[in-house]
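# Residue-level structural notes
Next come the chains, spelled out residue by residue.
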Amino acid sequence: MTSGKRGRRLGALLALALAALLAGCAAPALPGQQQRQAPKPLPEAEQVARVAMLGRGAGDFARMLDPGEANFYSVAGAQVLSLLYSGLLTLDARHIPVSALATSYEVSADGLRYTFHLRSDARFAEGTPLTSADVAFSLNRTMGECFGDAGAFFMAVKDEPALVANCQSHPKGYRAAVTTLIGDALLTPDETTLVIILARPDAALAAKLAEPYSLIVERSLVTRYGAQWTAHVADGGGQGTSGMYALAAMRPWSAQSDGALVLEASRDYWGPRPHLREVDIAVRSPISQQGTFPASDVRPPAIAIQPTDDIVYDVPLPLPSGAKGRNGLTYHTAPALATYFLVLDARTAPLDDARVRQALALALDKTALAKIVNGVATDHLIPLGVGAYPAPLSGAIATAPLAGDVERARALWRSYAASHCSGMAGGCPAIQVFSPEWAGQTPVELAIIARWRATLPGLRLSVISYDGTLRTTPQPSPAVMGSAWVEDYADPQDWLTYLVSAPGNPVYSFPARVQDARVGALAAQAEATLDAGARLALYQQAEDALINDAVVIPIAQEQTAWAVNPILAGIPTSPAPWIPPAAWARIALT
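What comes next concerns the included structure. Quick caveat: nothing in here was measured; it's all calculated off a predicted structure.

Parameters and conventions
Residues numbered from 1 in each chain as written. Predicted model: local features only at pLDDT ≥ 70, side-chain atom pairs only at ≥ 80, totals over all residues. Heavy atoms only, no water. Pairing = 2+ DSSP bridges. Helix = DSSP H or I, 4+ residues; strand = E, 2+ residues; numbered from the N terminus. Axes fitted to C-alpha atoms, helices over the stretch in contact; angles between N-to-C directions. Contact = heavy atoms within 4.5 Å. Buried < 20%, exposed > 50% of the residue type's maximum accessible area, 1.4 Å probe, protein only. Phe/Tyr/Trp six-rings, centres within 6.5 Å; stacked < 30°, edge-to-face > 60°. Lys NZ or Arg CZ within 6 Å of the ring centre and 35° of its normal. Expected span 1.5 Å × (residues − 1). Arc of directions from axis to C-beta. Patch = residues over 30% accessible without salt bridge, like charges linked within 9 Å, V, L, I, M, F, W, Y side chains within 5 Å. Areas by Shrake-Rupley, 256 points an atom, 1.4 Å probe, with all protein chains shown as cover. Salt bridge = Lys/Arg side-chain N within 4 Å of Asp/Glu carboxyl O. Parallel < 35°, antiparallel > 145°, perpendicular 65-115°, else oblique. Left-handed = near helix turned anticlockwise from the far one by under 90°.

## Some details on the sheet that holds strand β9 (residues 193–197)
What the 4 strands build is an open sheet, ordered β6-β7-β9-β8; its pairing is antiparallel. On the outer flanks of this sheet lie β6 (102–107) and β8 (186–190), each paired with one strand and no other. Neighbouring strand axes in the sheet, compared pairwise and without regard to direction, differ in orientation by 20 degrees on average. Here β6 pairs with strand β7 (residues 113–118) via 5 bridges, running antiparallel. For E106, the partnering residue across the bridge sits in β7 and is T115. Packed onto the sheet, helix α3 (residues 132–144) meets β7, β8 and β9 and runs at close to 175 degrees relative to β8.

Right, here's the structure in full:
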């Protein structure tokens, strides 16, 4: 780890010239016109960045270094994994999958067979060649959930459910236990070829293979040390990792003490060499918030910020007063790939009438509700920023003002009461609102209920909270339930397939689900469509249908907060879900 003070200098502003192309040549600068030049990077010896992130206990130590445990990750945790390991694919700055270890791949006509061609120059940190056997081993341990709880349930791989059942010692319902997918759904015809066989078409597979839980670990290291293998990743200056950096040193952390990771640029990395030759990561214990944040059901953990920090992840929202410029850092917020929304059960009265559901949607002021959850008001279920997914919505409810339309909401409510309740709104059936929180309604749920009562005269609401028994005690299906979804992979499938459940799911399932055959059919059709444009158009139809029918009411897109030292050049505008290695390679101290 580099110690002592570092000399840092800001790049000078050089004289500017306005460039113009005339006949293919650059014209000379005009008097008085200037052009800003990018700051000059510091010498390589000084390219050492200090990063701070939040630690969440001793058990977090091993999990943060294991892609097979990556489904728990924070943005900071995903960042560490993406710098230490490589995958078949990765994400570009727009969250679209692009080549990484796989230089190319083909998909069979039926969409069930993916053939990946690997780089021949890929190496692990200590120089061992990375082969298709390592890729198959890594994906097999993730998909089987034998070593962790990551991406298995996302991938439609042949025989994967049986492997999961075997790993969890619950083989009931399967004719034969599957102990490995290698040689079955994961084939390695040679050292640079991997074949994945699916049980059904899954056009989102590429997005899933670009996630942290699909990163590649060294088979020999994991088999040598077993469950303790992450404690040996820093041995000998780094081994077993396949990414841009190797783990040169580490100090474990706990809930009471800070820890550290030292990442050094890998000698054998196949991709672009980063400007930052070393990244020193401080893993800090949560600190007392001293009433900085408004009262809520759960206060976000806070992280101590030091003057030497260059990048700070896990900054809680809302940002503390006067945060701008503290310790020389610039504080940022950016939309996260996460949405808070309401699910309405259209099978129960009075929500079986679209007028009531639409009245509830139009009555809400999403701009006010978004402030409560520290998010950005949205009419989208699928967060903006998910790959190439189309942004525009269509339809009367989906394009309504974010502040709501109270008069129209009241008109719809009166219309329903006139036709079903003899004109007496107070005689209409009550709507059951369910809160999954142990401690009762959250602030945003209380605000939603108050808004509905204030804007829709006569509306009756019955509010119940999770008390630890509802999962096992048969209850009427909740009519309205708040939920949130954070991306497991950057594809619209992650939101729509999650929401549209098959019949027979237990009531009070967590999170809420939607029973909608039409949207379910659109989602299923999209999953089997390999043409990217046609597939995204189907998802757009499904999203429009859910929102305009008001069986789902999007409220806010969540945000992530972080802080950056201004002398770091090349930092993307958002770290979510993480800064891809190709973008990280351009970051430099100036």
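## Looking at the pairing of strand β19 (residues 552–564)
Of all 13 residues in β19, 11 are buried; the element is thus mostly enclosed. By the bridge criterion, 2 bridges tie strand β13 (residues 311–312) to β19 in an arrangement that is antiparallel. Among the inter-strand pairings, V312 is bridged to a residue of β19, identified as A563. Sheet topology note: the strand β14 (residues 330–344)/β19 ladder contains 11 bridges and is antiparallel. By the bridge assignment for β19, F341 is matched with P554. One ladder, built from 2 bridges, connects strand β15 (residues 376–377) with β19; its direction is antiparallel. When the sheet's bridge partners are listed, V376 is paired in β19 with Q557.

## Some remarks on the pairing of strand β12 (residues 278–284)
Here is the key point about a regular strand: its side chains alternate between the two faces of the sheet. Counted residue by residue, β12 has 6 buried out of 7 residues, so it is predominantly covered. Where strand β3 (residues 48–54) lies against β12, 7 bridges are found, and the strand directions are parallel. Residue A52 lies in a different strand from β12, and its bridge partner there is A282. Sheet topology places strand β11 (residues 259–265) next to β12; 6 bridges connect them, and they run antiparallel. Each bridged residue has a counterpart across the sheet, and for V262 the counterpart in β12 is D280.

## Focus: the packing of aromatic side chains
This model, assessed by the stated rule, comprises 6 aromatic pairs. Between Y313 and W562 the ring centres are 6.5 Å apart and the planes differ by 15 degrees, which places this aromatic pair in the stacked class. Here Y313 is found in the loop between β13 and β14, whereas its partner W562 is found in strand β19, with 249 residues between them in sequence. Assigned by exposure class, Y313 and W562 land together as buried. Grouping aromatic residues by their ring pairs yields a cluster made of Y105, Y114 and F116. Over the aromatic face of Y489 sits the side chain of K208, whose NZ or CZ is 4.9 Å from the ring centroid.

## Some points on helix α9 (residues 406–420)
With 15 residues, α9 should reach 21 Å at 1.5 Å per residue; the first-to-last C-alpha distance of 21 Å fits that figure. Looking at α9, one finds that the buried residues are A409, L412, W413, Y416 and A417. Down the axis of α9, the buried set is contained in an arc of 135 degrees. They therefore lie on one face. Turned more than 90 degrees away from the buried face of α9 sit E407, R414 and A418, all of them exposed. Along its buried surface, α9 packs onto α7 (354–363). One or two positions beyond α9, positive phi appears at S422, with a value near 55 degrees.

## Re a nonpolar patch on the surface
On the surface, a nonpolar cluster with roughly 230 Å² of combined accessible area is contributed by Y105, V107 and L530. Summarising the element assignment, Y105 is placed in strand β6.

## Some points on the packing of helix α12 (residues 517–527) against helix α13 (residues 532–548)
Packing of α12 against α13 brings their axes to within 8 Å, and their N-to-C directions diverge by 165 degrees. In terms of orientation, α12 lies roughly antiparallel with respect to α13. Classified by chirality, the crossing of α13 by α12 is left-handed. Within the contact between the two elements, α12 uses R518, V519, L522, A523, Q525, A526 and E527 and α13 uses R535, L538, Y539, Q541, A542, A545 and L546.

## Some remarks on the pattern of salt bridges
Counted according to the given criterion, the structure contains 15 salt bridges. Linking R347 and D345 is a salt bridge whose minimum nitrogen-to-oxygen distance equals 3.0 Å. The exposed category is assigned to R347, whose relative accessible area is 55%. Given the relative accessible area of 11%, D345 is considered buried.

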